[in-house]
Amino acid sequence: EPEVTQTPSHQVTQMGQEVILRCVPISNHLYFYWYRQILGQKVEFLVSFYNNEISEKSEIFDDQFSVERPDGSNFTLKIRSTKLEDSAMYFCASSEGTVVETQYFGPGTRLLVL
Amino acid sequence: QKEVEQNSGPLSVPEGAIASLNCTYSDRVSQSFFWYRQYSGKSPELIMSIYSNGDKEDGRFTAQLNKASQYVSLLIRDSQPSDSATYLCAVNIGRGSTLGRLYFGRGTQLTVWP
């Protein structure tokens, strides 16, 4: 069964460093998302992406964040200058054809900012 | 502020019992509703999606939606110890400025004891 994949599974970085989290969505899916989950808290929406542009972004997704689909398969989240409070699990998700359809989540990247 | 509220739990049931998980949402125009299961340290895994009022059954799981009451529930019949996890309710408003974004509840932790 097709699934969303993410790399790396874990990332440790120093405050102020840039990180890039990578995702390969399910191949025939058209909508892509990033969510994050701080330990013990809710899953929170960051951004959605469709047709090579951002569809929607949350208040969390400030100028430090960017997303890109550099080729036909990868979808990346970049955090330009990490802060301690960026430490979280970051989940990529994708859905097939419409915005109300099921979103399938990848296994996540656990980011720790020191 | 769009809210998704779940009964706080934790919920503990014996093996073979029915587990009942509840969720309310604040935005009346919400279009699609999802139950995800999340094991500790893992990503959300889809259990059920429901779009229309009424019941939807899939194996041991039944989702119930009542849009008038802004209420969605999940029943797990014949609960198994492997069902022990946190169950996340997620709502997609699917229109306007919140196209595609999933709003998650905090989750209900379920323990099924042998």
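Everything below is about the structure printed above this text.
Rules and cut-offs
- Residues numbered from 1 in each chain as written.
- Chains lettered and ligands numbered in written order.
- Predicted model: local features only at pLDDT ≥ 70, side-chain atom pairs only at ≥ 80, totals over all residues.
- Heavy atoms only, no water.
- Helix = DSSP H or I, 4+ residues; strand = E, 2+ residues; numbered from the N terminus.
- Phe/Tyr/Trp six-rings, centres within 6.5 Å; stacked < 30°, edge-to-face > 60°.
- Buried < 20%, exposed > 50% of the residue type's maximum accessible area, 1.4 Å probe, protein only.
- Contact = heavy atoms within 4.5 Å.
- Buried area = accessible area lost by both parts, 1.4 Å probe.
- Salt bridge = Lys/Arg side-chain N within 4 Å of Asp/Glu carboxyl O.
- Polar contact = N/O pair within 3.5 Å; in protein donor to acceptor, adjacent residues only side chain to side chain.
- Nonpolar A, V, L, I, M, F, W, Y, C, P; charged D, E, K, R; others polar.
- Disulfide = S-S within 2.5 Å.

Engineer: Just checking my understanding: could you explain the environment of Ser-69 of chain B for this structure?
Structural biologist: As for its placement among the helices and strands, Ser-69 of chain B is situated in the loop between β7 (61-66) and β8 (71-76). In this structure, the C-alpha to C-alpha distance between Ser-69 of chain B and Thr-24 of chain B, residues 45 residues apart in sequence, is 8.2 Å.

Engineer: Explain the packing of aromatic side chains to me, please; I cannot follow it from the model alone.
Structural biologist: Here a ring pair, both rings aromatic, is described through the centre-centre distance and the interplanar angle of the planes. Evaluation of the coordinates by the stated rule reveals 16 aromatic pairs over all chains. Residues Phe-32 of chain A and Phe-75 of chain A carry aromatic rings whose centres are separated by 5.5 Å and whose planes lie at 40 degrees to one another, so their mutual orientation is tilted. Separated by 43 residues along the polypeptide, Phe-32 of chain A in strand β4 (residues 31-37) and Phe-75 of chain A in strand β8 (residues 75-79) bring together distant segments of the chain. Look at Phe-34 of chain B and Tyr-51 of chain B: their rings are 6.1 Å apart centre to centre, the planes differ by 85 degrees, and that puts the pair in the edge-to-face class. With Phe-34 of chain B in strand β4 (residues 32-38) and Tyr-51 of chain B in the loop between β5 (45-50) and β6 (54-58), this pair connects stretches of sequence that are 17 residues apart. Using a relative accessible area of 1% as the deciding quantity, one classes Phe-34 of chain B as buried. A relative accessible area of 31% means that Tyr-51 of chain B is categorised as partly exposed. Taken together, the aromatic side chains of Tyr-33, Tyr-35, Phe-45, Phe-91 and Phe-105 of chain A together with Phe-34, Tyr-36, Tyr-51 and Phe-104 of chain B make up a single cluster linked through ring pairs.

Engineer: Looking at this structure, how should I read the interface of chain A and chain B?
Structural biologist: Many descriptions give the size of an interface as the accessible area lost when the pieces come together. The interface of chain A with chain B comprises 24 residues on the first partner and 26 residues on the second. Buried area between chain A and chain B, both sides added, is near 1,800 Å², and the carbon and sulfur share of it is 52%. The largest contributions to the chain A side of the interface with chain B come from Lys-42, Glu-56 and Val-100 of chain A, which together make up 33% of the buried area. The residue Glu-3 of chain B makes a salt bridge to Lys-42 of chain A at a minimum N-O spacing of 3.9 Å. The interface formed by chain A and chain B holds six residue pairs in polar contact (both at pLDDT 80 or more) in total. Contributions of two or more residues to the side of chain A that touches chain B are made by β4, β5 (43-50), β6 (53-57), β9 (88-95) and β10 (104-105) of chain A. Here the side of chain A that touches chain B is built from residues that sort into eleven nonpolar, seven polar and six charged.

Engineer: Explain the pattern of salt bridges to me, please; I cannot follow it from the model alone.
Structural biologist: Within the structure shown, the criterion is met by six salt bridges over all chains. The salt bridge involving Arg-101 of chain B is made with Glu-56 of chain A; its shortest N-O contact spans 2.9 Å. Of the two residues, Arg-101 of chain B is situated in the loop between β9 (85-92) and β10 (102-104) and Glu-56 of chain A in strand β6; the pairing between them involves two chains. Judged by relative accessible area, which is 11%, Arg-101 of chain B ranks as buried.

Engineer: Any chance you could explain the state of the cysteines here in plain terms?
Structural biologist: Put plainly, two cysteines are in a disulfide when a covalent bond ties their sulfur atoms together. For the structure shown, the criterion picks out two disulfides over all chains. One disulfide in the model links Cys-23 of chain A with Cys-92 of chain A; its S-S distance is 1.9 Å. With the S-S dihedral at roughly -65 degrees, the linkage between Cys-23 of chain A and Cys-92 of chain A falls on the left-handed side. You can see Cys-23 of chain A sitting in strand β3 (residues 19-24) and its partner Cys-92 of chain A sitting in strand β9, a full 69 residues away along the chain. Assessed through its relative accessible area of 0%, Cys-92 of chain A is described here as buried. One disulfide bridge connects Cys-23 of chain B with Cys-89 of chain B, the sulfur atoms lying 2.0 Å from each other.

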